[in-house]
Amino acid sequence: MTYDAADDLADFGEEREIGYALLSDPGSKYIDALGVRNERFPKGHGAHGVAHPGILFVDARGVVRLKRAHENYRTRPPFDELLEAARALVATE
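Thresholds, definitions, all that
- For every chain, the first residue of the written sequence is number 1, and numbering continues from 1 onward in sequence order.
- Where totals are concerned, whole chains, interfaces and linings use all residues; where local detail is concerned, this predicted model gives features only for residues with pLDDT of at least 70, and gives and counts side-chain atom pairs only at 80 or more.
- Side-chain descriptors were evaluated using all non-hydrogen atoms of the structure, hydrogens and water having been removed beforehand.
- DSSP bridges decide pairing: two strands pair if at least two such bridges lie between them.
- A run of H or I in DSSP becomes a helix once it reaches four residues, and a run of E becomes a strand once it reaches two; helices and strands are each numbered from the N terminus.
- By definition here, a salt bridge exists when the distance from a side-chain nitrogen of Lys or Arg to a carboxyl oxygen of Asp or Glu is within 4 Å.
- When accessible area is computed with a 1.4 Å probe and restricted to protein chains, residues below 20% of their type maximum are described as buried, those above 50% as exposed, and intermediate ones as partly exposed.
- In predicted models, pLDDT denotes the confidence assigned by the predictor to each residue on a 0 to 100 scale.

Let's shift gears to the pairing of strand β1 (residues 54-58). With five bridges joining them, β1 and strand β2 (residues 64-69) adopt antiparallel strand pairing. Among the inter-strand pairings, Gly54 is bridged to a residue of β2, identified as Ala69. Here β1 hands over to β2 after five residues, with Gly62 in that stretch at a positive phi of 85°.

Here's what the structure looks like:
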């Protein structure tokens with residue numbers, strides 16, 4: 001999810017052959033609701049409203065069950081950690 005326009009995301013996804021949905025959040029309403037806004041960029045800055053990179057697990061009811069957001073876009077959680085967390089969520093249902 002990003003604050004970029006839907007048309008820009010569609011072009012980006014097509015250009016890079018991305019096989020998953022890219023979500024547009026103009027105004028960063030959902031970015032703020034999820035608590036993942038990068039506050040480093042003040043109002044008026046070109047990156048104001050950008051989210052920290054992360055991963056969300058959303059259940060079939062649309063409830064966010066797990067959130068991993070990182071301040072540094074180069075830092076990602078290890079895949080094994082995410083898989084273990086997803087399995088734990090499934091086991092609790």
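This part takes up the environment of Ala10. Looking at the element boundaries, Ala10 is found in helix α1 (residues 6-15). Along the primary structure Ala10 and Ser24 are separated by 14 residues, whereas in three dimensions their C-alpha atoms are 9.6 Å apart.

Tallied over the entire structure, the rule returns five salt bridges. Here Asp59 ties to Arg65 by a salt bridge, and the two come within 4.0 Å at their closest N and O atoms. Take Arg65: its relative accessible area is 27%, and that puts it in the partly exposed class. Where Glu81 meets Arg68, a salt bridge forms, and the shortest distance between an N and an O atom there is 3.1 Å.

It is worth spelling out the confidence of the model for the protein chain at this point. Overall, the prediction assigns the protein chain a mean pLDDT of 89, with 100% of residues at 70 or greater. Across the protein chain, α1 holds the top mean pLDDT of 95, while β1 sits lowest at 85.

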